[in-house]
Each structure stands twice: as C-alpha cells, then as structure tokens.
Amino acid sequence: MAQRVIDLVLSAIAGLVSVLLSWPYWRTFSYWAESPGMWGLYFVLGFILAVYVFYVFLGSLRTLFLHDSQGRDAAPVSQEDRP
C-alpha cells in the first residue's frame with residue numbers, strides 16, 4: 001500500500017512538472033480555448049492523463065527490475081565467479 005501511495009505522489013509531481021513545463025509553449029503560441037471553462041477542463045484532463053501515464057510507467061519499471069533481480073538470483077554461479 002505504501003508503495004502505491006509513493007508511486008501516486010511521484011506521478012502527481014511529475015504530471016504537475018510536465019504541465020508547468022508546457023505552459024510557456026501554449027502561452028507563446030497564443031493558443032487559447034474558446035472559453036475559460038474548456039481551457040481548465042483541457043488542463044485538468046491532461047494532468048490526470050499525465051499522472052496515469054507516469055503511474056503505469058513506474059509500475060512497469062518496478063516489474064522490469066523485479067524480473068531482473070529474480071533472474072540474477074536464479075542464474076547458476078560459474079567457477080570463475082566463486083570466491
């Protein structure tokens with residue numbers, strides 16, 4: 001449970017950073033939605049999508065390293081690797 005909370009917090013921070021980094025791009029090119037409500041909805045949905053993508057990425061990264069560590073534990077030790 002604690003790992004999921006950590007992943008969610010890291011994902012939220014990464015999503016916030018990605019929205020903040022994209023802000024100058026939208027402001028420079030003068031893109032603006034028809035209404036302020038739609039603009040807010042656009043950024044809220046983008047933030048939620050970013051959090052989801054980072055959360056899934058962290059989960060798959062953990063699975064990748066778990067399989068890697070299990071593979072090392074199960075690998076036979078050769079004569080050269082022994083002390």
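See the structure above.
Quantities reported herein were computed from a predicted structural model and do not represent experimental measurements.

## Regarding the side chain of Asp 7
Consideration 1: Locating Asp 7 in the fold gives a position in helix α1 (residues 2–28).
Consideration 2: Each residue touching Asp 7, except ones within four places of it in the same chain, is listed here: Tyr 55, Leu 58 and Arg 62.

## Observations regarding the pattern of salt bridges
Consideration 1: The full count for this structure, using the stated rule, is one salt bridge.
Consideration 2: Between Arg 62 and Asp 7 there is a salt bridge whose closest N-O contact spans 2.7 Å. Here Arg 62 is found in helix α2 (residues 36–74), whereas its partner Asp 7 is found in helix α1, with 55 residues between them in sequence.
Consideration 3: With relative accessibility at 35%, the residue Arg 62 sits in the partly exposed group.

Procedures and definitions
Position numbers for residues count from 1 along each chain, tracking the sequence in the order it is written. Restriction of local features to residues with pLDDT of at least 70 applies here, the model being predicted, together with a cutoff of 80 or more for giving and counting side-chain atom pairs; totals for whole chains, interfaces and linings are based on all residues. Where side-chain values are given, they derive from all heavy atoms of the structure, hydrogens and water being excluded. Strands here mean DSSP runs of E at least two residues long; helices mean DSSP runs of H or I at least four residues long; both are numbered from the N terminus. Between two residues, a contact is recorded if the distance between any of their heavy atoms is within 4.5 Å. Just to be clear on terms, a salt bridge is a Lys or Arg side-chain nitrogen sitting within 4 Å of an Asp or Glu carboxyl oxygen. Three exposure classes are used, based on accessible area relative to the maximum for each residue type with a 1.4 Å probe and protein chains only: buried under 20%, partly exposed in between, and exposed over 50%.

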